[in-house]
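# Inside the fold
Okay, here's what each chain looks like letter by letter:
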Amino acid sequence: MKVSFHGHAVVLIETAGKKIIIDPFITGNGLCDLNADELQVDAVLLTHGHSDHVGDTVELAKRNNALVVAPNELAVYLGWQGLNVHPMHIGGSHQFDFGKVKFTQAFHGSSIAIEEKKEFIYTGMPSGILFSNEGKTIYHAGDTALFSDMKLIGELNHIDVAFLPIGDNFTMGPEDALLAAKWVNAKTVVPIHFNTFPVIKQDGAVFVAKLENGKLLNPGESIEL
């Protein structure tokens, strides 16, 4: 299994001949090294409905005929856009042909902003994602604050790689993420959701230096599991 980071919260998983992308914010993401017009994926996994996570989902899914897996309200909304969707919810898991997906808690928000109407469309509960295949487990925490049940996520799962936000302001910052890393107890911890915008600027190298299991991935870099 190959797992690569592509800026902000974009994670690409290549496993058993399948490509799965999480939170494909590509267009408008100055840190992303991917080309949305050329990217081939079999599935899109979404943690929540904010634009910097849904990103290029509609275009990617339509062009690739890819399945979109998301929390229920977000999945239904995207289904109305003509996408092939699989709705799920926190605590639920499902075995797909590309791997097992389970949604976890995340403490954040989830909505789509309709600027011309000055309205928000509620897109359900935000979540994290546990993805498992080929005997490996990846935890993408999504956008979240620190919460004590991260201990339980770590106790119940043998996590190989955990992607944790460190940007602060909208999510937990580096200090809280250090505690989250301890609780999740993954073999490797990779910081995400930082430096994309000035308000979430952080030094990822300083963060990982404080962890025995920390690894800084620049956009386009990967881990082989």
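Everything below is about the structure printed above this text.
Below you will find a few notes about this structure. (Residues numbered from 1 in each chain as written. Predicted model: local features only at pLDDT ≥ 70, side-chain atom pairs only at ≥ 80, totals over all residues. Heavy atoms only, no water.)

## Points about the overall build of the protein
Check the secondary structure of the protein and you find six helices and 15 strands. Taken along the three principal axes of its C-alpha coordinates, the protein extends 45 × 40 × 30 Å. Considering only contacts within the protein whose residues lie at least 6 apart along the sequence, 58% involve residues at least 24 apart. Both charge centroids of the protein, one from 16 positive and one from 26 negative side chains, sit 4 Å from each other. (Helix = DSSP H or I, 4+ residues; strand = E, 2+ residues; numbered from the N terminus. Contact = heavy atoms within 4.5 Å. Lys, Arg positive; Asp, Glu negative; His and termini not counted. Charge placed at Lys NZ, Arg CZ, Asp CG, Glu CD.)

## Description of a nonpolar patch on the surface
A contiguous nonpolar surface patch, about 300 Å² in accessible area, is contributed by Ile90, Tyr122 and Met125. Locating Met125 in the fold gives a position in the loop between β10 (119–122) and β11 (127–133). Classification of Met125 by relative accessible area gives partly exposed; the value is 42%. (Patch = residues over 30% accessible without salt bridge, like charges linked within 9 Å, V, L, I, M, F, W, Y side chains within 5 Å. Areas by Shrake-Rupley, 256 points an atom, 1.4 Å probe, with all protein chains shown as cover. Salt bridge = Lys/Arg side-chain N within 4 Å of Asp/Glu carboxyl O. Buried < 20%, exposed > 50% of the residue type's maximum accessible area, 1.4 Å probe, protein only.)

## Some words on the pairing of strand β5 (residues 67–71)
When you tally the buried positions in β5, you get five out of five residues, the bulk of the element. Bridging between strand β4 (residues 43–45) and β5 involves three bridges; their strand directions are parallel. Among the inter-strand pairings, Val44 is bridged to a residue of β5, identified as Val68. In this sheet, strand β6 (residues 84–88) lies alongside β5 in parallel orientation, the contact comprising five bridges. Of the residues in β6, the one forming a bridge with Val68 is Val85. (Pairing = 2+ DSSP bridges.)

## Considerations on the pattern of salt bridges
On inspection of all chains with the given rule, the structure shows two salt bridges. For Asp97, the salt bridge identified is with Lys18, shortest N-O distance 3.9 Å. Here Asp97 is found in the loop between β7 (93–96) and β8 (99–105), whereas its partner Lys18 is found in strand β3 (residues 18–22), with 79 residues between them in sequence. Overall, the relative accessible area of 65% leaves Asp97 in the exposed class.

## Topic: the packing of aromatic side chains
Tallied over the entire structure, the rule returns two aromatic pairs. Relative to Phe98, the ring of Phe96 has its centre 4.9 Å away and its plane inclined at 5°; by these criteria the two rings are stacked. Arranged with centres 5.2 Å apart and planes meeting at 50°, the rings of Phe107 and Phe147 form a pair that is tilted. In this pair, Phe107 is assigned in the loop between β8 and β9 (111–114) and Phe147 in the loop between β12 (136–140) and α4 (150–156), connecting sequence segments 40 residues apart. With a relative accessible area of 7%, Phe147 lands in the buried category. (Phe/Tyr/Trp six-rings, centres within 6.5 Å; stacked < 30°, edge-to-face > 60°.)

## As for the nonpolar core
Grouped together as the largest cluster of nonpolar side chains are 26 residues, with contacts concentrated most on Ile13, Leu45, Val69, Phe98, Val101, Phe131 and Phe163. Non-local contacts of Ile13, meaning those with residues more than four positions away in its chain, are made with Met1, Lys2, Val3, Lys18, Lys19, Ile20, Ile22, Phe131 and Ile138. Listed in part, the 25 residues of the second largest apolar core include Val10, Phe25, Ala66 and Leu78. (Core = buried A, V, L, I, M, F, W, Y, C linked by side-chain atoms within 4.5 Å.)

## Regarding the sheet that holds β3
Strand order in the open sheet made by the seven strands is β6-β5-β4-β3-β2-β1-β15, with mixed pairing throughout. Where the open sheet ends on each side, the last strands, each with one partner, are β6 and β15 (222–224). Between one strand axis and the next, the sheet turns through 20° on average, direction left out of account. Looking at chain direction, strand β1 (residues 2–5) and β15 are connected through three bridges and run antiparallel. Looking at β15, one finds that Val3 is bridged to Ile223. (Axes fitted to C-alpha atoms, helices over the stretch in contact; angles between N-to-C directions.)

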